[in-house]
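Now for the letters of each chain:
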Amino acid sequence: MKHTIYTKLLISYLIYGVIAFFIICTFTQHLTTDYIEKQEASNLYREASIIAGDYAAEYFGSSMSLSDFQNHMKIGIKHLIPPVQLSRYVIPDQSHTQNDSSKPVVINGFDVTDFGSNNYMIGDFYGSFKHKMLSVFSPVNVSYQNIGYIVIHKTMSHITAGVNGFMNISFYTVALIFAFAFVLLFMMSRSIYQPITRITKTAKKYAKGDFTAQIDVHSNDEIGYLANTLNYMATELDTLEEDQRKFVSNVSHDFRSPLTSIKGYVEAMLDGTIPVEMQDKYLNIILFETERLNKLTKSLIDLNQFGHHGI
């Protein structure tokens, strides 16, 4: 199957589109999700640190009432929990109304090392939620003693919605870019593919011996330079062909003259027009014409060899 340059460009364009779409769906989406998660975690950590340092510490230090502390709690703050070994120190959990506000909430299996170096984790937070949550902690220190942790949660559905919104913008942007790229491809097909097509058609005429055809391409680039070169070549070949016709005509004339003389003298001697006593004279003329033909033949052979060496 014959593939034109335009077809190859179109196939390359489609392959590039598929690869770009795959990269956006995988690599870009992963980086975007990771970036938004870290940004949200940073914002939540900053809020948790403020609450842990300004409000929770005062509440544990008995300088703030529980009602005042709860008034300062932001939306999304769910737990203030202690390390496992200090499970008797816990702040009331606002999300569990069945608990007394003066009693602690203990998260079984809680381990601060599960958060890693980023101070956040993603999951159901030890079975506390039915959906995935982004959980961020900040320690509560009273009198240089760690008595618990503020943990703020945010549903991953909100983060996923943000990622999806960003990805939709990315897809729209890429679609717009591909639309412009297709227009550019069409313009390239006119500026590259069509001139090459004209060059190919004219070159076929050259191959058939028609050197009068000229390539109508005037672009100031490599394609235009190629077209001008081929036009120059065709002009030179056409001139060479004319010179060759003249050369053949001259050589034919040079051969015809002695051959006509030889033929005439031989026929005259055979039919008796030239008497026997004068034949020696005309035989010498025939010998001279023969030598002349021999020299012409040798000159043609030398010229042919010179032409091959020149090529």
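Note that the structure is a prediction, hence the values are computed from the model and not measured.

1. A few points about the overall build of the protein chain
Stage number 1. Within the protein chain, the regular secondary structure consists of five helices and four strands.
Stage number 2. For the protein chain, the α and β elements follow one another from N to C terminus as α-α-β-β-β-β-α-α-α.
Stage number 3. When burial is assessed residue by residue, the protein chain has 28% of its 311 residues classed as buried.
Stage number 4. The long-range fraction of contacts in the protein chain, counting pairs at least 24 apart against all pairs at least 6 apart in sequence, stands at 54%.
Stage number 5. If you sum the accessible surface of the protein chain, you get close to 20,800 Å²; carbon and sulfur atoms cover 60% of it.

2. Observations concerning the pattern of salt bridges
Stage number 1. Considering all chains together, one arrives at three salt bridges under this definition.
Stage number 2. In this structure, K154 engages E40 in a salt bridge whose closest nitrogen and oxygen atoms are separated by 2.8 Å. Of this pair, K154 sits in strand β4 (residues 145–155) while E40 sits in helix α1 (residues 5–60), placing them 114 residues apart in sequence.
Stage number 3. Its relative accessible area of 25% is what places K154 among the partly exposed residues.

3. Comments concerning helix α4 (residues 222–270)
Three- or four-residue spacings in an α-helix give side chains the same orientation, since the helix completes a turn every 3.6 residues.
Stage number 1. In a regular helix each residue adds 1.5 Å, so 49 residues correspond to 72 Å; α4 covers 70 Å between its end C-alpha atoms and thus fits that length.
Stage number 2. Turning to α4, its buried residues are I223, G224, A227, L230, N231, A234, V251, P258, I262, A268 and M269.
Stage number 3. Once α4 finishes, G272 follows within two positions and takes phi at roughly 85 degrees, a positive value.

4. Brief notes about the nonpolar core
Stage number 1. One finds L134, V140, I150 and I159 to be the most contacted residues of the largest nonpolar core, which totals 19 residues.
Stage number 2. Sorting the residues of this core by element identifies α1, β3 (133–142), β4 and α3 (156–207) as the ones contributing at least two each.
Stage number 3. The element that contributes the greatest number of residues to this core is α1, accounting for seven residues.

5. With respect to a nonpolar patch on the surface
Stage number 1. Side chains of I11, I15, I19, F22, I23, F27 and L31 sit close together on the surface and give an oily, nonpolar patch of about 690 Å² of accessible area.
Stage number 2. Tracing the sequence through the fold places L31 in helix α1.
Stage number 3. Given a relative accessible area of 43%, L31 falls into the partly exposed group.

6. Looking at the packing of aromatic side chains
Stage number 1. For the structure on display, the rule yields nine aromatic pairs.
Stage number 2. When the ring of F115 is compared with that of F125, the centres are 6.4 Å apart and the planes differ by 65 degrees; the resulting orientation is edge-to-face. Here F115, found in the loop between β1 (77–81) and β2 (120–123), pairs with F125, found in the loop between β2 and β3; they are ten residues apart in sequence, far enough to count as distant.
Stage number 3. Using a relative accessible area of 1% as the deciding quantity, one classes F125 as buried.
Stage number 4. Each member of the aromatic cluster is reached from another via a ring pair, and the members are Y13, Y16, F178 and F182.

What counts and what doesn't
- Residues numbered from 1 in each chain as written.
- Predicted model: local features only at pLDDT ≥ 70, side-chain atom pairs only at ≥ 80, totals over all residues.
- Heavy atoms only, no water.
- Helix = DSSP H or I, 4+ residues; strand = E, 2+ residues; numbered from the N terminus.
- Buried < 20%, exposed > 50% of the residue type's maximum accessible area, 1.4 Å probe, protein only.
- Contact = heavy atoms within 4.5 Å.
- Areas by Shrake-Rupley, 256 points an atom, 1.4 Å probe, with all protein chains shown as cover.
- Salt bridge = Lys/Arg side-chain N within 4 Å of Asp/Glu carboxyl O.
- Expected span 1.5 Å × (residues − 1).
- Core = buried A, V, L, I, M, F, W, Y, C linked by side-chain atoms within 4.5 Å.
- Patch = residues over 30% accessible without salt bridge, like charges linked within 9 Å, V, L, I, M, F, W, Y side chains within 5 Å.
- Phe/Tyr/Trp six-rings, centres within 6.5 Å; stacked < 30°, edge-to-face > 60°.

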